[in-house]
Amino acid sequence: MKSKFTWILLLLSVLTFQFSFAQTKVVTGTVTSKDYGDPIQGATVLVEGTTRGVDTDENGKYSINAAQGEKLVVRLLGLKTQKATVGVSNVLNFSMIIEDDLVLDEIVVDAYRTVSKPKSAVAASTVTAKTIEGRPNASFVQTLQSQVPGLEISTGSGQPGSSNTSVLLRGAGSINGNTEPLFVIDGVPMGNSSFRSINPNDIESITVLKDAGATSIYGNRGANGVIVVTTKGASFESDLQIKYVGTTSVSRLQKNNYDLMGGKELMDFEMANGFNNYSASLQKTAAETNWLDVFFRTAITQNHTLSFTRGSKNLASFTSIGYTDQEGILINTDLKRFNFRNNLNGKSNDGRLTYGTNITANYSKSRIAQGLGTGSVNNNYVVGALQGAPYINPDSYNGSHQSIWNQLTSSSFVSGSILKASPLLLMDKAKWFDFNQEELKMIAQGNVNYKLTDDLSVGTSLGVDYTHITQNGYDSPYSFNSWFFSPDRNDESIFVGSASQINQRVVSFNSLTNMKWAKTFNDVHEVKAGVFMEYLKAHFKSSSLAQEGLDRYFSSPNSGAGWISDTDANDYYVPSVGMSVANAGLFSYFANASYDYDTRYGVEATVRRDASFRFANSNRWGTFYSVSARWNISNEEFMQESVFDDLKLRGSYGTAGNQDITGSGLFGGASLFRDLYSVGGGYNNNPSLVISNIANPNLKWETVEQANIGLDFGIWQSRLRGTLDVYQKTTKDLYQSQPISAIYGTSSIFANVGSMRNRGIELLLAADVVRNDNFKFTINVNGSYNKNEIVKLPNSDGIIWNGGGNIMREGDMLGQYYMVEYAGVNPANGNLWFYDKDGNMTETPTDEDRKFTGKSAYPLYQGGFGFDADYKGFFLSTQFSFVQNMWRVDNDYRDFLTTADIGTFNKSRELHDSWTPTNTDAKYPSLNNTNEFYQTISDRSLRDASYVRLRYITLGYNFTAKNLAPLKLSGLRIYAQAENLITWTKWKGFDAESNRGSDFAQYPTPKTVSFGVEVQF
């Protein structure tokens, strides 16, 4: 019996050994590019849940031990991770999709639908995480610059976290209304000022929707285009992945070409020309101060993001934590930001029920410079940095206001001139003044979808956008400003200093309910349809508090301590308070339908009805629509032997509405259709009710009609690929001031009159110059031409001019400069010369001598170009941006050439070539000219602000799995990068880029060099 058991056990052992051996086998295969068919070297092939892994060789081949039923995972940075289950076969091939932000992506995503690229008939561009992640920009909007044709992004401030960035898509679409695109983040609509709290490293992709076929489904807010932001998520049935992205950046002030004088040079210049007469002893104390070094600094930025992704059979989760600490290059400016995000996706076992949540909570605190763009000598740091006399020694300020007063009242360089003391006043402000802003922003979105049948589904989503902003101001009782502007500087019993706080809370709710149907007939006829209902409700509340009078010993910033109570003597210490509330609401229902035949022909139509709170009942509703069609020519049989891998012709036409006709944001213009009254001065200045708004119940939507024809193509295995779009966008019923009879107490009223048109061409090209196993070199170019034209204005003569430097005229562009032409220097007396309306020289021009310049701050051409190079793990990428035919007024340069304040502020060396009786052919007028004030109405300071800039460059290395095996890492990438490295321009200031038509003492954008690392576990 024992012998039988022994044989049975031996037989079972052999069978078990043979069974186990049979389950582990050698699996081989090839990893290739789905786009090009080329083998991919260096991809990591892993057995999921184990440490077994290999790299593909130069032919894209691999060999690995795996058991039937185990899953192989293929990863490579820049490619989408692929996964497949080992079956009976010993061969398992993989086809990888390249994540290339310059190539048309596989799908087009918006808030209402997802369409594969071959079946899309709209004009859309997508930028992926590849060109967003790791960049040292507080706002992801700035990283989009020069990456999307037709998308003009201009930044007006270097303040960390500033919302002063303008975004235009296909030109300005309104004169007084909103001109910026609608932003949608994970299905929640919002404005672009909200992005300082969003972590760019959380973004998966950004899709820019341009034509009516793409934007009309957004109806009331899609007139200026739509930018859809999708954040990262996780895949089902995926192992835990941990990723760290960290960068350290160094930022510096860009250079200017104003060629300013040095300390002794300026002092000698003033004395030689009779503007000052300094004593010999004072001359010996002259300094050589570069005030830019006093008020600007080298700024350090730290940015860290840690993310976790994991997926089970029915649940997938992405969680990230981020921290940013960004110093500004201007003193006392910075941004600190904390981010948390969790994106969750789930499904039922049968897949009929799907659901998801996207939740992010963000807190930021920033110190913000005040008075920028103004000539406030005691408030704007940039004024002191640029115009401060360099012979003034900063050591003459010892930290007290008394030291400044001593300088003003004694024999010194600033004696008797509060303007000349500007840099000292600003040093005092830097010591004693504080202004900061705290922002708490939370965005939450939840969605549920259920498939009633295989063809019919219903779904709903709810999004909430909550923002709370607190601004705190504090001017210490020890500051010069507090003491100097005291009711009585000699009365020490008066408490000086001030504190203020503003609280703003904005919360918006957006709900969307849908029913969708999709069915395919005979494998070639695909029909889709959907009906939707959307509702938005938003609430705004603001309160403010300002206190004059603080205790010198007990007060401190943002604490409320040391506030002085009211006295019987006066109301000086009574706090000023204020409060305001506003509400907004939008309601919409809409439908869309599409038909596709065998991925060769397709057509889609959308119609949408919108209601806005801004209009009277008679015009509350607007109807918008679009139709689009395509022909996938490359899928025709007669194209099968051609060089074209992709050739698609598409076209669209439709309308979209702009309900923000005042350009004041979501809550503005709520009572335009009502008569409003306020308390004002009446007869004999007695209190009286006065009309503050004349109702116009006929106000309605601005409507944008747009036609677009586009071509997508790829040839020679997509070695050359791109898109070409031609469009015409016409805005009708513009919100403008219309003349009326003065019997109503005013001479004009705002109404829907006039129209404006944008016509343009957009081109995107990418070419793989070299593409082999070891080396890939791709050149990319994108550009756009946009011609803006005012078609109709309300005035009978077709001209609107308000007395400033810009004018509107039918047939011309928006924002045209209207100025007297500067002619140079009168050689007879050194005065400024100008051309009058007849082309003759004059020293005393009038408004009648102004001319249409044909120049505007809106560029005619803009775009970008660069290359991407990859060689055996090393990579080098560049991104250049360009803007051409753009003009702006340089008021900084004007002041450096102005003679009226010589002896007070610094000047340009160019003034050495000023007119004198012995230098009559000088470039610049006499230092004693008598008509310099006329330059304010002339084009003397109008400058060409066109530029070409090396916007971004990065160099780095991707480690292979073989390199990382000892470290137990699945990915490692190190890199160095730079932003705004070199700029070629005629503009003399720090930065040719700006969203303003004129600049004076603004916060310039910095030049930044960064070092980063990405680690995957």
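Cut-offs and rules
Numbering of residues starts from 1 in each chain and follows the order in which that chain's sequence is written. Only residues with pLDDT of at least 70 get local features here, since the model is predicted, and only at 80 or more are side-chain atom pairs given and counted; chain-wide, interface and lining totals rely on the full set of residues. Side-chain measures here rest on the full set of heavy atoms in the structure, leaving out hydrogens and waters. Comment: elements are numbered from the N terminus, with helices defined as DSSP H or I runs of at least four residues and strands as E runs of at least two. We compute the radius of gyration from the C-alpha atoms alone; for a globule the expected value is 2.2 Å times N to the 0.38, where N is the number of residues. The buried label applies to any residue whose accessible area, calculated with a 1.4 Å probe on protein chains only, is under 20% of its type's maximum; exposed applies above 50%, and partly exposed to all values in between. Between two residues, a contact is recorded if the distance between any of their heavy atoms is within 4.5 Å. Where accessible areas are quoted, they stem from the Shrake-Rupley method and a 1.4 Å probe; at the residue level, only the protein chains shown are allowed to cover. None of His or the chain ends enter the tally, which takes Lys and Arg as positive and Asp and Glu as negative. Charge coordinates come from a single atom per side chain, which is NZ of Lys, CZ of Arg, CG of Asp or CD of Glu. At least two DSSP bridges between two strands are required for those strands to pair. The axes are straight lines fitted to the C-alpha atoms, using for helices just the contacting stretch, and the angles between their N-to-C directions are given from 0 to 180°. Cavities and pockets were defined on a 1 Å grid built over protein atoms only: a cavity is a set of grid points that admits a 1.4 Å probe from which the probe cannot escape, a pocket is an open set flanked by protein on both sides within 12 Å along at least five of seven lines, and lining residues are those with an atom within 4 Å of any such point. Grid points are joined across faces, edges and corners, and a volume is the space filled by probe spheres set on the points. Residue ranges assigned to the domains are those given by an automatic or database domain assignment. Three categories are distinguished: nonpolar for Ala, Val, Leu, Ile, Met, Phe, Trp, Tyr, Cys and Pro, charged for Asp, Glu, Lys and Arg, and polar for the others, with Gly belonging to the last. Per-residue confidence from the predictor is reported as pLDDT, a score between 0 and 100. Here, nonpolar core means buried Ala, Val, Leu, Ile, Met, Phe, Trp, Tyr and Cys residues that are tied together by side-chain atoms lying within 4.5 Å of each other. In what follows, salt bridge is the name for a side-chain nitrogen of Lys or Arg lying within 4 Å of a carboxyl oxygen of Asp or Glu. Note on definitions: buried area is the accessible-area loss of two parts on being combined, 1.4 Å probe, summed for both. Think of a polar contact as two N or O atoms within 3.5 Å of one another; within protein, one of them needs to be a possible hydrogen donor and the other a possible acceptor, and neighboring residues in sequence only count if both atoms come from side chains. Arc definition: it is the arc formed by the directions from the helix axis to the C-beta atoms. Classification of ring pairs rests on two measures: the distance between centres of Phe, Tyr or Trp rings, Trp counted by its six-membered ring, which must be within 6.5 Å, and the angle between planes, read as stacked under 30 degrees, edge-to-face over 60 and tilted in between. Here, over-ring charges are defined by two tests on the NZ atom of lysine or the CZ atom of arginine: distance to the ring centre within 6 Å, and angle to the ring normal within 35 degrees.

**Observations regarding the overall build of the chain**
From N to C terminus, the chain includes eleven helices and 52 strands. Compactness check: the chain gives a C-alpha radius of gyration of 33 Å against a globular reference of 31 Å for 1017 residues, within 12% of the reference. Across its three principal axes, the chain shows a C-alpha extent of roughly 120 × 70 × 65 Å. Taking all 1017 residues of the chain together, the buried fraction comes to 51%. For the chain, long-range pairs separated by at least 24 residues make up 70% of all intrachain contacts whose partners lie at least 6 apart in sequence. Working note: accessible area of the chain is about 44100 Å², and carbon and sulfur atoms make up 56% of it. Each charge sign in the chain was given a centre, from 90 positive and 99 negative side chains, and these centres are 7 Å apart.

**Side note on the sheet that holds strand S41 (residues 822-825)**
Here three strands make up an open sheet; going across it, the order is S41-S42-S43 and the pairing antiparallel. Among the strands making up the open sheet, the edge pair consists of S41 and strand S43 (841-842). Direction of pairing for S41 relative to strand S42 (residues 832-835): antiparallel, over a ladder of three bridges. The partner of Val825 across the bridge, within S42, is Leu832.

**Some details on the sheet that holds strand S6 (residues 82-85)**
What the four strands build is an open sheet, ordered S3-S2-S5-S6; its pairing is antiparallel. Only two strands of the sheet have a single partner each, and these edge strands are strand S3 (53-55) and S6. Looking at each pair of strands side by side, their axes are set apart by 20 degrees on average, direction ignored.

**Quick look at empty space enclosed by the protein**
All told, the structure shown has twelve cavities of 30 Å³ or more when counted by the stated rule. Along the walls of the largest cavity sit 26 residues, with Pro136, Asn137, Gln142, Gln326 and Pro1006 positioned nearest its centre. Contributing elements (two or more residues each) for the lining of the largest cavity: strand S17 (238-253), strand S19 (315-327), strand S50 (971-985) and strand S52 (1006-1016). Structurally, the lining of the largest cavity is a two-domain feature, drawing no fewer than three residues from each of domain 2 (107-231) and domain 3 (250-815 + 857-886 + 945-1016). Its volume calculated, the second largest cavity comes out at about 190 Å³. Together, 20 residues line the second largest cavity, and Phe990, Asp991, Asp999, Gln1002 and Pro1004 are the ones closest to its centre. Grouping the amino acids of the lining of the second largest cavity by side-chain chemistry returns eight nonpolar, six polar and six charged.

**A short note on the confidence of the model for the chain**
For any part of a model where pLDDT is low, the fine detail of the predicted coordinates should not be relied upon. Overall, the prediction assigns the chain a mean pLDDT of 88, with 94% of residues at 70 or greater. Below pLDDT 50 for its whole length, residues 99-105 participates in 27 contacts with residues either more than four positions away or in separate chains.

**Thoughts on the nonpolar core**
Residues Phe295, Phe296, Leu330, Tyr391 and Ile392 are the most contacted members of the largest nonpolar core, which totals 50 residues. Secondary structure elements with two or more residues in this core: helix H3 (263-272), helix H5 (291-295), helix H6 (381-387), helix H7 (401-409), helix H8 (422-432), helix H9 (480-484) and helix H10 (891-897). Here this core takes five residues from H6, the largest share from any one element. Core analysis: the second largest hydrophobic core is formed by 22 residues, Ile132, Leu144, Leu169 and Ile203 among them.

**Considerations on the pattern of salt bridges**
Note that side chains of opposite charge can pair when their charged atoms are close. A complete count under the given rule lists 44 salt bridges for this structure. A salt bridge links Glu762 to Lys210; the shortest N-O distance between them is 3.3 Å. Of this pair, Glu762 sits in strand S36 (residues 755-771) while Lys210 sits in the loop between strand S15 (203-209) and helix H2 (212-215), and the two are 552 residues apart along the sequence. Side by side, Glu762 and Lys210 carry an identical accessibility label, which is buried. Here the salt bridges do not stand alone but share partners, grouping Lys119, Glu526, Asp596 and Arg630 into one network.

**Let's talk about the domain arrangement of the chain**
Partitioning the chain into domains gives domain 1 (22-98), domain 2 (107-231) and domain 3 (250-815 + 857-886 + 945-1016). Summarising the inter-unit geometry, the C-alpha centres of domain 2 and domain 3 are found 11 Å apart. In this assembly, 76 residues from domain 2 lie in contact with 120 residues from domain 3. Surface buried jointly by domain 2 and domain 3 totals about 7600 Å² across both partners, of which 47% is contributed by carbon and sulfur atoms. The interface formed by domain 2 and domain 3 holds seven salt bridges in total. For the pair domain 2 and domain 3, the interface holds 43 residue pairs in polar contact (both at pLDDT 80 or more). Among the elements of the structure, strand S11 (151-155), strand S12 (165-169), strand S14 (188-190) and H2 are those that each provide at least two residues to the side of domain 2 that touches domain 3. Within the side of domain 2 that touches domain 3, the residues separate by chemical class into 26 nonpolar, 37 polar and 13 charged.

**Some remarks on the pairing of strand S25 (residues 525-548)**
The pairing of strand S24 (residues 498-521) with S25 spans 24 bridges and is classified as antiparallel. Considered in S25, the bridge of Ala499 is made with Gln547. Here S24 hands over to S25 after three residues, with Asn522 in that stretch at a positive phi of 55 degrees. Pairing between S25 and strand S26 (residues 576-597): 22 bridges, direction antiparallel. For Leu545, the partnering residue across the bridge sits in S26 and is Val577.

**A few points about H7**
Each full turn of the α-helix corresponds to 3.6 residues, which orients residues three or four apart in the same direction. Taken together, the buried positions of H7 are His401, Ser403, Ile404 and Leu408. One side of H7 carries all its buried residues, which in axial view fall inside an arc of 160 degrees. On its buried face, H7 is in contact with H8 and H9.

**Describing H8**
Where burial is concerned, most of H8 is hidden: eight out of the eleven residues are buried. Where H8 is concerned, the buried positions are Ser422, Pro423, Leu424, Leu425, Leu426, Met427, Asp428 and Lys429.

**Observations regarding the packing of aromatic side chains**
Inspection of the entire model under this criterion finds 40 aromatic pairs. Between Phe480 and Phe484, the ring centres sit 5.3 Å apart and the planes meet at 15 degrees, which makes this aromatic pair stacked. One end of the pair is Phe480 and the other is Phe484, both in helix H9 and four residues apart, which spans about a single turn. On the basis of relative accessibility, which here comes to 2%, the residue Phe480 falls in the buried class. Positioned above the aromatic ring of Tyr381 is the side chain of Lys429, whose terminal nitrogen or guanidinium carbon lies 4.9 Å from the ring centre.

**Description of the side chain of Asn378**
Counting through the fold element by element, Asn378 comes out in the loop between strand S21 (353-367) and H6. A polar contact is formed between the side chain of Asn378 and the side chain of Ser376, at a distance of 3.0 Å. A polar contact of 2.9 Å, which involves the side chain of Asn378, links it to the side chain of Asn481. Beyond its immediate chain neighbours, meaning those up to four positions away, Asn378 contacts Leu425, Leu426, Lys429, Asn481 and Phe485.

**A look at unusual backbone geometry**
It is generally the case that most residues other than glycine have a negative phi and that most peptide bonds are trans. For Asn332, which is not glycine, the phi dihedral falls at a positive 60 degrees. Mapping Asn332 onto the fold places it in the loop between S19 and strand S20 (334-347). Residues other than glycine seldom take positive phi values, yet Asn885 does so here, at roughly 60 degrees. Among the structural elements, Asn885 can be located in the loop between strand S46 (874-884) and strand S47 (887-890).

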